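Below, each chain spelled out in residue letters.
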Amino acid sequence: MNKRFLLYSCLIALLPAFSCNKVLDVKTVSDITNASYWKSPGDVTGYLTGIYALLRGTVNDKNYFNTTYYMEDRSDAFIAGLEGGMSTAWQQNLNNANAPNWLNYYNIIYHCNLLLKNAPGTNFPTSTDRDRAMAETYFLRAYTYFWLIRSWGDVPLMLEPVASSNQQQPSRAPAVDVMAQVLKDIDAAIALFPEGAFVNKNRASKPAAFTLKADALLWKFKVLKGNDADLQEALTALQQVESTAGLTLLDNFASVFATNNRANAEIIFSVYFKKDERSDMYGSQLKPRDIFVQDAVNKNDIAAAKNGARSQYMPSPKFESMFTDAADKRKNASFIKAIGPNNKLIGVFDNKFRGTKDTDWFYDADIVIYRFAEIFLLKAEALAALGRVSDAVTALNRTRTRAGIGNYTGPADKTSVEKEILNERFRELWLEQKRWPDLLRFHYAGTINVYTEVPNLNGKNVPLYFPIPKAQIDLNPNLKQTAGYQ
């Protein structure tokens, strides 16, 4: 492992205990620590490396981004696996006692704020590296806030590192205000990136920033009730990505996610994993332990491990039913059925993020944040929302053609096409942290009713945003519980 990476990762790992204020149940970094740091370019770039290390988080611990809890569990993507232990989010049984905590996301934001404050005063030989580091940091802060507002709606908006534990405790800012800051940060990142393409696909880039901008603008339009200008701006951003040299759709769908083909021509931004450094990517929660599939006739095709696997969830029958065309290349690359003697079904498992086979299976596939296929699906969604249905179908057909299922030939009315775009996103982006926000966008836009779309929401009136823990409100009376929770 790279020694400098280890040093700065350890530094960042130590800092969350000192990273915000008592509002978020932590303290500020001491002046002594700051006085001995931020002296050289390596302090800035190394600190940023440590922030990236946080993105991998801890699997199934509702921390950071290495979890299905926020973006998949509440959707229709999963049923109980062989070992179960479904989350309260999957059960749609959320309250202020079992609410997930946003603290670790604010740790990332704190570190971003600290870097953005101190980097401009650091003496770089040239401005290029400093600009790139700041651009990446603006991207990471924007992405973290985007994650927060999709999960909790209104959230505290903190743009400066906390200087004193006596600072005024923040309240939750309206999601529309947080979204405005997200878009402002993205534009700042785009302006600062020295190059238009990629230096490292495991780091933020200008194409990644344009993709995030389009993603955020679609949320703004559909969920936060924006206007057509948001859609036009999203299309402009997507065109920038579409014209980026070197990006293409790989013919072999499974190879997009293979650990021997990382950062390939379809990837825009992914979070890097490495065996013996970190090998518990969230896909491990949909893999079986080898003892469960030892009698399967196809056991050698299944990424089953002696250690590290847990079939907490299985792909839902609804997801399986999306593949109506037997020619769809994505079907076998997305899930695999373990078949026992007498053709008995043992279980169904993720087959997209397989990881690496060594003496055992290691679940070290990169977390894909954005890839080129999504550009066409976001484009189709924006065009359909503008009423440009024919153009939307043209964009939709890009992923369908790569999948081997040909052009869309169904009903051409706006609602039908939008439902097909949602279904195509399900097929294409399975287990890529997209399904729950997809359902919410199309719900708020009136295309579907999420309460009838998700089986565990049928007959319930559970709020669609997460609650916050009562303990946070006890610490900070300026925080109000998410609407709909007691």
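Rules used in this analysis
- Residues numbered from 1 in each chain as written.
- Predicted model: local features only at pLDDT ≥ 70, side-chain atom pairs only at ≥ 80, totals over all residues.
- Heavy atoms only, no water.
- Phe/Tyr/Trp six-rings, centres within 6.5 Å; stacked < 30°, edge-to-face > 60°.
- Helix = DSSP H or I, 4+ residues; strand = E, 2+ residues; numbered from the N terminus.
- Buried < 20%, exposed > 50% of the residue type's maximum accessible area, 1.4 Å probe, protein only.
- Lys NZ or Arg CZ within 6 Å of the ring centre and 35° of its normal.
- Pairing = 2+ DSSP bridges.
- pLDDT = per-residue confidence, 0-100.
- Contact = heavy atoms within 4.5 Å.
- Salt bridge = Lys/Arg side-chain N within 4 Å of Asp/Glu carboxyl O.

A. Local environment of the packing of aromatic side chains. Applying the stated criterion to the full structure yields 33 aromatic pairs. Each ring, one from tryptophan 38 and one from tyrosine 47, has its centre 4.8 Å from the other, and the planes form 55°; the classification is tilted. Seen in terms of ring centroids, tyrosine 70 and tryptophan 147 are 6.2 Å apart; in terms of plane orientation they differ by 70°. Their pairing is edge-to-face. Taken together, the residues tyrosine 70 in the loop between helix H3 (41–54) and strand E1 (78–80) and tryptophan 147 in helix H6 (residues 127–152) connect sequence positions 77 residues apart. Owing to a relative accessible area of 0%, tyrosine 70 belongs among the buried residues under this scheme. Residue classification places tryptophan 147 among the buried residues on the basis of a relative accessible area of 1%. Lying across the ring of phenylalanine 273, arginine 56 places its NZ or CZ 5.9 Å from the centre. The lysine or arginine in question, arginine 150, covers the ring of phenylalanine 146, its NZ or CZ lying 4.0 Å from the ring centre.

B. Expanded view of the pairing of strand E8 (residues 367–371). Burial runs high along E8: five of the five residues are buried. Across four bridges, strand E2 (residues 267–271) lies against E8 in antiparallel orientation. Within E8, the position partnered with phenylalanine 269 by the bridge is tyrosine 370.

C. Structural detail: unusual backbone geometry. Located in the positive-phi region is tryptophan 38, a residue other than glycine, with phi close to 60°. Take tryptophan 38: it is sitting in the loop between helix H2 (31–35) and H3. For tryptophan 38, a relative accessible area of 8% translates into the label buried. Phi angles above zero are rare outside glycine, and glutamine 92 is one such case at about 55°. With respect to the helices, strands and loops of the structure, glutamine 92 is situated in the loop between helix H4 (88–91) and helix H5 (103–118). Residue glutamine 92 is classed as buried on the basis of its relative accessible area of 4%.

D. A look at the confidence of the model for the protein chain. On average, residues of the protein chain carry a pLDDT of 92, and 92% of them reach 70 or more. No element of the protein chain has a lower mean pLDDT than helix H1 (residues 3–14), at 43, and none a higher one than helix H8 (residues 206–222), at 99. In the predicted structure, residues 1–23 sits below a pLDDT of 50 and forms 56 contacts with residues beyond four places in sequence or in another chain.

E. The arrangement of the environment of leucine 231 in detail. Looking at the element boundaries, leucine 231 is found in helix H9 (residues 228–242). Classification of leucine 231 by relative accessible area gives buried; the value is 0%. As a C-alpha pair, leucine 231 and leucine 54 span 177 residues in sequence and 32 Å in three-dimensional space. Among all residues touching leucine 231, those that are not within four sequence positions of it are Leu218, Phe221, Ala382, Ala385 and Leu386.

F. A look at the pattern of salt bridges. Enumeration over the complete set of coordinates arrives at 42 salt bridges. For lysine 213, the salt bridge identified is with aspartate 187, shortest N-O distance 2.9 Å. In this pair, lysine 213 sits in helix H8 while aspartate 187 sits in helix H7 (residues 175–192), placing the two residues 26 residues apart along the sequence. Among the residues examined, lysine 213 registers a relative accessible area of 11% and is labelled buried. Overall, aspartate 187 belongs to the partly exposed group, its relative accessible area being 36%. Here lysine 287 and aspartate 350 are joined by a salt bridge, their closest N and O atoms 2.5 Å apart. A residue pair is termed long-range when its members are at least 10 positions apart, and lysine 287 in the loop between E2 and strand E3 (313–315) and aspartate 350 in strand E5 (residues 345–350) qualify at 63 residues.

G. View of the side chain of threonine 68. Looking at where threonine 68 falls in the secondary structure, it is placed in the loop between H3 and E1. If near-sequence neighbours (up to four positions away) are discounted, threonine 68 is found in contact with Asp73, Phe78, Tyr282, Tyr313, Leu431 and Gln433.

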